[in-house]
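Read off the chains here:
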Amino acid sequence: MAMSPGQMNAASGFVASIGEAYAQKAQAIQTQTANLLQANDTLFIQEVQAQQSDLYNMVQIGRKLESSKREALGYKLMGNNIARDMRKANASARARAAASGVAFNEGSAAAVQQENINQAMMDIGVADMNALSALVFGFEDVTAMMESTKTQNMLNEYAAGRQATQYRMAGGAARSQGGLLADQALIEGGIQFAQTYPE
């Protein structure tokens, strides 16, 4: 049985609509795949950025701790210098008292030495307090740096997760839309075939 030109035209139109439907589905799958890859890349990049941020933060923390230790050591050395200067001043006071024929453990010579000791001990106390403060403030800074990095990484992870979800949703929507468009192409092809192909 031979097909008429109208039947051939109807059949070829239907076959073309099937091809268009498959092309729509393939395009939808490709779009969905691209969105899924983008979602995975977004999460991977965020993870790498978080790791690099942690590494950089650890370097900065190490530097801050070393800086605090050096500052504290500087104050301790200052305290040692104050004690050494006090010993020199008192030795000098004793030597002057002895050279003048005065008992260096009595009277004004003893008072000068006691005042030197009092002043030196007060200065040493301040230097020790400064050394302790340098360490405490250094640890506080380090704690703040750690918390800040942890919070920022958490926010970045959340944002990347939301973006990845959006990519996945867009991929799913593209896949659904592609399926609908493919169905529409098949239905239109079927209708045109039914209208042009005689019974």
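Residues numbered from 1 in each chain as written. Predicted model: local features only at pLDDT ≥ 70, side-chain atom pairs only at ≥ 80, totals over all residues. Heavy atoms only, no water.

**Q** For this particular structure, what's the right way to read the overall build of the protein?
**A** Scanning the protein from terminus to terminus reveals 2 helices and 0 strands. By the compact-globule yardstick of 16 Å for 199 residues, the protein is too spread out, its C-alpha radius of gyration being 43 Å. The C-alpha extent of the protein, read off along each of the three principal axes, is 145 × 15 × 10 Å. Split into buried and exposed, the 199 residues of the protein put 21% on the buried side. Residue pairs in contact within the protein that sit at least 24 positions apart in sequence constitute 89% of those at least 6 positions apart. By element, 60% of the accessible surface of the protein is carried by carbon and sulfur atoms, the whole surface being about 13600 Å². Each charge class in the protein can be summarised by its mean position, and for the 15 positive and 18 negative side chains these summaries are 13 Å apart. (Helix = DSSP H or I, 4+ residues; strand = E, 2+ residues; numbered from the N terminus. Rg over C-alpha atoms; globule rule 2.2 N^0.38 Å. Buried < 20%, exposed > 50% of the residue type's maximum accessible area, 1.4 Å probe, protein only. Contact = heavy atoms within 4.5 Å. Areas by Shrake-Rupley, 256 points an atom, 1.4 Å probe, with all protein chains shown as cover. Lys, Arg positive; Asp, Glu negative; His and termini not counted. Charge placed at Lys NZ, Arg CZ, Asp CG, Glu CD.)

**Q** Help me out: how do you make sense of the nonpolar core in this one?
**A** Side chains of nonpolar character tend, in soluble globular proteins, to be buried together. Among the nonpolar cores identified, the biggest contains 5 residues, and these are Ile-82, Ala-83, Met-86, Ala-120 and Ile-124. Taken together, the elements giving at least two residues each to this core come down to α1 (5–99) and α2 (107–196). The element contributing the most residues to this core is α1, with 3 residues. With residues up to four places along the chain from it excluded, the contact list for Ile-124 reads Gly-79, Ile-82 and Ala-83. (Core = buried A, V, L, I, M, F, W, Y, C linked by side-chain atoms within 4.5 Å.)

**Q** What is the right way to read the side chain of Gln-46 from this model?
**A** Within the secondary structure layout, Gln-46 lies in helix α1. Note on Gln-46: relative accessible area 10%, which makes it buried. Residues within four places of Gln-46 in sequence aside, it is in contact with Asn-153, Asn-156, Glu-157 and Ala-160.

**Q** Any chance you could explain the environment of Lys-76 here in plain terms?
**A** Within the secondary structure layout, Lys-76 lies in helix α1. Note on Lys-76: relative accessible area 46%, which makes it partly exposed. Linking Lys-76 and Ala-127, residues 51 residues apart in sequence, is a C-alpha distance of 6.4 Å.

**Q** It is not clear to me how α1 should be interpreted in this structure. Could you clarify?
**A** Given 3.6 residues per turn, any residue in an α-helix points the same way as the ones three and four places further on. When the terminal C-alpha atoms of α1 are compared, their 138 Å separation across 95 residues agrees well with the 141 Å that a helix rising 1.5 Å per residue should span. Once α1 ends, the next one or two residues include Gly-101, with phi positive near 80°. (Expected span 1.5 Å × (residues − 1).)

**Q** Teacher, can you tell me more about the pattern of salt bridges here?
**A** Pairing between side chains of opposite charge can happen when the charged atoms of each approach one another. Tallied over the full model, the rule gives 2 salt bridges. Close ionic contact of Asp-141 with Lys-64 constitutes a salt bridge, the shortest N to O distance being 3.2 Å. Separated by 77 residues along the polypeptide, Asp-141 in helix α2 and Lys-64 in helix α1 bring together distant segments of the chain. For Lys-64, a relative accessible area of 28% puts it in the partly exposed group. With a closest N to O distance of 3.8 Å, Lys-69 and Glu-66 form a salt bridge. (Salt bridge = Lys/Arg side-chain N within 4 Å of Asp/Glu carboxyl O.)

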